[in-house]
Amino acid sequence: MKLSNEYIRGLIDGEGCFTFCTSKSFSSSGKVIRKKIPTFALAMHERDKQLIEAVRDHLGLRNNVYLCKSYTGDGYKRGRKAFLIVRKFGSLKNIIIPFFYNRLKGFKSVQFL
């Protein structure tokens with residue numbers, strides 16, 4: 001599947017997310033250490049897994065696309081979700097930031113910054 005840069009930016013504008021994940025580790029004294037890790041994520045229904053893989057391949061990322069069971073605690077039947085999550089600093093710095101820098105509009109550009 002051949003995708004254009006503008007198509008990918010539009011897709012991310014609607015379905016992507018720039019956020020922080022919290023990582024928890026323990027110090028040698030047993031104290032909990034929490035770190036915020038910058039994160040880029042794209043999540044869609046599992047039927048769009050190939051589209052997410054095409055985005056990943058176009059960007060030159062080596063991350064896996066994961067399938068996860070959706071939340072069902074509210075009684076609604078939802079399909080599984082496909083996720084592309086990028087937390088590796090080198091990928092964020094060398095691929096994600098240059099691709100999206102000053103190229104997003106609206107709130108997604110604020111979220112990116």
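Remember, predicted model here, so these are calculated numbers, not experimental data. Residue numbering note: each chain is counted from 1, following its sequence as written. At least 70 in pLDDT is required for a residue's local features to be given in this predicted model, at least 80 for side-chain atom pairs to be given and counted, and no such filter applies to totals for whole chains, interfaces and linings, which use all residues. Note that water and hydrogens are dropped before the side-chain values are worked out from all heavy atoms of the structure.

### Some thoughts on the pattern of salt bridges
Working step 1: Whenever a carboxyl oxygen of Asp or Glu lies within 4 Å of a side-chain nitrogen of Lys or Arg, that contact is scored as a salt bridge. Across all of its chains, the model carries four salt bridges by this definition.
Working step 2: Where glutamate 6 meets arginine 9, a salt bridge forms, and the shortest distance between an N and an O atom there is 2.7 Å. With glutamate 6 and arginine 9 both in helix α1 (residues 5–15) and three residues apart, the pair spans about one turn of that helix.
Working step 3: Type-normalised accessible area, obtained with a 1.4 Å probe on protein chains alone, sets the label of each residue: buried when under 20%, exposed when over 50%, and partly exposed for intermediate values. Residue classification places arginine 9 among the buried residues on the basis of a relative accessible area of 7%. Secondary structure elements are taken from DSSP: a helix is a run of H or I of four residues or more, a strand is a run of E of two residues or more, and numbering for both begins at the N terminus.

### Topic: the environment of arginine 80
Working step 1: Note that arginine 80 resides in the loop between β3 (65–68) and β4 (81–86).
Working step 2: Note on arginine 80: relative accessible area 38%, which makes it partly exposed.
Working step 3: Measuring from C-alpha to C-alpha, the distance between arginine 80 and lysine 35 comes to 29 Å, with 45 residues separating the pair along the chain.
Working step 4: Discounting residues that sit within four places of it in the chain, arginine 80 has contacts with Met44, His45, Glu46, Leu67, Cys68, Lys69 and Ser70. When checking whether two residues touch, look at their non-hydrogen atoms; a contact exists if any pair is within 4.5 Å.

### Describing the packing of aromatic side chains
Working step 1: Two rings belonging to Phe, Tyr or Trp (six-membered ring only in the last case) form a pair when the distance between their centres is within 6.5 Å. Interplanar angles under 30 degrees mark stacking, angles over 60 mark edge-to-face geometry, and anything in between is tilted. Throughout the structure, instances matching the rule amount to six aromatic pairs.
Working step 2: Relative to phenylalanine 100, the ring of phenylalanine 18 lies with its centre 5.5 Å away and its plane at 75 degrees, an arrangement referred to as edge-to-face. Within this pair, whereas phenylalanine 18 is found in strand β1 (residues 16–26), its partner phenylalanine 100 is found in helix α3 (residues 89–100), the two being separated by 82 residues in sequence. For the pair phenylalanine 18 and phenylalanine 100, one class covers both residues: buried.
Working step 3: One aromatic cluster is present, formed by Phe18, Phe40, Phe99, Phe100, Tyr101 and Phe112 through successive ring pairs.
Working step 4: The rule is short: NZ of Lys or CZ of Arg within 6 Å of the ring centre and within 35 degrees of the ring normal puts a charge over the ring. Positioned over the ring face of phenylalanine 99 is arginine 9, at 4.3 Å from the centre of the ring.

### Regarding the packing of α1 against helix α2 (residues 49–59)
Working step 1: Their axes nearest at 11 Å, the elements α1 and α2 cross at an angle of 125 degrees. Between α1 and α2, the angle is such that the two are oblique. Relative to α2, α1 is oriented so that their crossing is left-handed. Contacts between α1 and α2 pair Asn5, Tyr7, Ile8 and Leu11 from the former with Leu51, Val55 and His58 from the latter. The axes used here are C-alpha line fits, helices contributing only the stretch in contact, and every angle between their N-to-C directions lies in the interval 0 to 180 degrees. Here the angle decides the label: under 35 degrees means roughly parallel, over 145 means roughly antiparallel, 65 to 115 means roughly perpendicular, and every other value means oblique. A clockwise turn of the near helix away from the far one marks a right-handed crossing, whereas an anticlockwise turn of less than a right angle marks a left-handed crossing.

### Topic: the state of the cysteines
Working step 1: Note on disulfides: each one is a pair of cysteine sulfur atoms within 2.5 Å. Scanning all chains against the criterion turns up zero disulfides.
Working step 2: Cysteine cysteine 21 is unpaired, with the sulfur of cysteine 17 as its nearest cysteine sulfur at 8.6 Å.
Working step 3: On the basis of relative accessible area, cysteine 21 is assigned to the partly exposed category, the value being 22%.

Purely geometric numbers; function is a separate question.
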